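Summary of the model geometry
Here's the letter readout for the chains.
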Amino acid sequence: MVKLIIAANWKMNKTRKEAASLIKKVRPILNNKQREVVIFPPFTCLDVVSKLLKGKSAKFGAQNMHYETKGPYTGEISVDMLKEVGCSYVLIGHSERRINCNENDEDVNRKIRTAVENEFTPILCIGENLDERESERTDAILEEQIRNGLNGLTKDKVLKVVIAYEPIWAIGTGRSATTEQASHAHSEIRKLLTNMYDRDVAQKMRILYGGSVTSENISSLLRGKGIDGFLVGGASLKPDEFIKIVKAKPKVVR
Ligand code: PGA
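The present account deals with the structure reproduced in this document. (Residues numbered from 1 in each chain as written. Predicted model: local features only at pLDDT ≥ 70, side-chain atom pairs only at ≥ 80, totals over all residues. Heavy atoms only, no water.)

Structurally, the position occupied by S176 is in the loop between β6 (162-165) and α9 (179-196). Taking the relative accessible area as the measure of exposure, S176 reaches 17% and is therefore buried. A polar contact is formed between the side chain of S176 and the side chain of Y209, at a distance of 3.5 Å. Excluding its chain neighbours within four sequence positions, the residues that come into contact with S176 are W169, A170, Y209, G211, S212, N217 and L221. (Helix = DSSP H or I, 4+ residues; strand = E, 2+ residues; numbered from the N terminus. Buried < 20%, exposed > 50% of the residue type's maximum accessible area, 1.4 Å probe, protein only. Polar contact = N/O pair within 3.5 Å; in protein donor to acceptor, adjacent residues only side chain to side chain. Contact = heavy atoms within 4.5 Å.)

What follows concerns the pairing of strand β1 (residues 4-9). Burial analysis of β1 places 6 of its 6 residues in the buried class, which makes it a mostly covered element. By the alternation rule, side chains of β1 split into L4, I6 and A8 and I5, A7 and N9, which are all buried. Relative to strand β2 (residues 35-40), β1 runs parallel, the two sharing 6 bridges. Its bridge partner lying in β2, A7 is registered against V38. With helix α1 (residues 16-25) bridging β1 and the parallel β2, this β-α-β connection has right-handed handedness. Pairing of β1 with strand β8 (residues 229-232) involves 4 bridges; the strand directions are parallel. Paired with I5 across the strands is G229, a residue of β8. (Pairing = 2+ DSSP bridges. Right-handed = clockwise from strand over helix to strand, strands pointing away.)

Before going further, it helps to spend a moment on the site of the ligand. K11, H94, E166, G172 and S212 are the nearest of the 13 residues found near the ligand. Within the backbone of G172, one N or O atom sits 2.6 Å away from an oxygen atom of the ligand. The class makeup of the residues in the shell around the ligand is 4 nonpolar, 7 polar and 2 charged. (Near = heavy atom within 4 Å. Nonpolar A, V, L, I, M, F, W, Y, C, P; charged D, E, K, R; others polar.)

It is worth spelling out the nonpolar core at this point. Residues I39, L150, I189, L193, Y209, F230 and F242 are the most contacted members of the largest nonpolar core, which totals 67 residues. When residues of this core are assigned to their parent elements, the largest contribution, 5 residues, is made by α9. Residues in contact with Y209, not counting those within four places in the same chain, are Y165, P167, A170, S176, A177, A182, H186, L221, I227, G229, F230 and L231. One finds F40, Y89, L91 and A164 within the second-largest nonpolar core, a separate group that totals 12 residues. (Core = buried A, V, L, I, M, F, W, Y, C linked by side-chain atoms within 4.5 Å.)

Bringing the sheet that holds strand β7 (residues 207-210) into the picture now. Strand pairing in a sheet takes place through backbone hydrogen bonds and is either antiparallel or parallel in direction. Strand order in the closed barrel made by the 8 strands is β1-β2-β3-β4-β5-β6-β7-β8, with parallel pairing throughout. Averaged over all pairs of adjacent strands, the angle between strand axes in this sheet comes to 25°, irrespective of strand direction. Relative to β7, β6 is paired through 3 bridges, and the arrangement is parallel. When the bridges of β7 are listed, Y165 appears paired with Y209. Those strands touched by helix α5 (residues 105-117) are β4 (89-92) and β5 (121-126), and its axis lies near 160° from that of β5. Packed onto the sheet, α9 meets β5, β6 and β7 and runs at close to 150° relative to β7. (Axes fitted to C-alpha atoms, helices over the stretch in contact; angles between N-to-C directions.)

When you line up the elements, S215 lands in the loop between β7 and α11 (218-221). The exposure class assigned to S215 is buried, which follows from its relative accessible area of 18%. Discounting chain neighbours no more than four positions away, the residues touching S215 are E241, K244 and I245.

This part covers the environment of A185. Turning to its location among the elements, A185 is positioned in helix α9. Apart from the residues lying within four places of it in its own chain, the contact partners of A185 are L142 and Y165.

Its 13 residues place the ends of α5 18 Å apart at the C-alpha level, agreeing with the 18 Å of an ideal helix rising 1.5 Å per residue. Inspection of α5 places D105, D107, V108, N109, K111, I112, T114, A115 and V116 among the buried residues, and these make up the whole buried set. Residues of α5 that are buried in the fold lie against α3 (79-84), β4, α4 (95-100), β5, α7 (138-149) and α8 (155-158). Note on α5: the residue one or two positions beyond its end, E119, has a positive phi of about 60°. (Expected span 1.5 Å × (residues − 1).)

Going through the model one piece at a time under the given rule, you end up with 2 aromatic pairs. On the basis of an interplanar angle of 90° and a centroid distance of 6.3 Å, the ring pair of F40 and Y89 is categorised as edge-to-face. One end of the pair, F40, is in strand β2; the other, Y89, is in strand β4, with 49 residues separating them in the sequence. Neither residue differs from the other here; F40 and Y89 are each classed as buried. Between Y165 and Y209, the aromatic rings sit 6.3 Å apart at their centres with planes inclined by 55°, giving tilted as the arrangement. (Phe/Tyr/Trp six-rings, centres within 6.5 Å; stacked < 30°, edge-to-face > 60°.)

What follows is the structure in structure tokens.
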């Protein structure tokens, strides 16, 4: 059985000391048999998290990396540097980077390729903003981001990529997509992947939902068809909340 992924995006939060304290507090879910827990701390905490996760099934990754493997890129981090600290995952194209750091689809595609070529599991983040949703351009935006983001990847390479559907209007706003909205987007993404590759690839690729996931809405979101896990921001910084999210079961409807 493929485990659901529950990923914690800490963003620009936690000093090394605070990171160690948070990892210790979420210890009960670091060896979870039903879920693949992946922690994304800031770069400066990667080695702290690495040490604390030794012997646990939980994995960790970086929130970004450069597409070049070395060179004159002041302030950037390469895939080899991440490998050295034991990372296996990397977030690519998060909307906060697309918006604040002007990352475009071409940068995102180059990063995805570098990650895949280096045996990393990249999580390709995509999603529409409110204006795009209200003007019914969601499917077109997702298609553009996926086609560009996965450009040039063969079938066996693309299977290493995880997609995270994160509507921008749902990130950090407390307004999660409904289970139906998330399922609908995931099913459109799978149709597109069938078109670009084939049905088998589309079924095997894992697609996560992210955007204001909490212990309150997780049980309902878990019922969503085709949702293979979650990328959790704010709620992953609260240990009790994150533990509840990892342990949550789908809501039973009577
Ligand atoms: P949020 O962030 O859970 O705080 O909305 C999700 C994300 O940005 O990955």
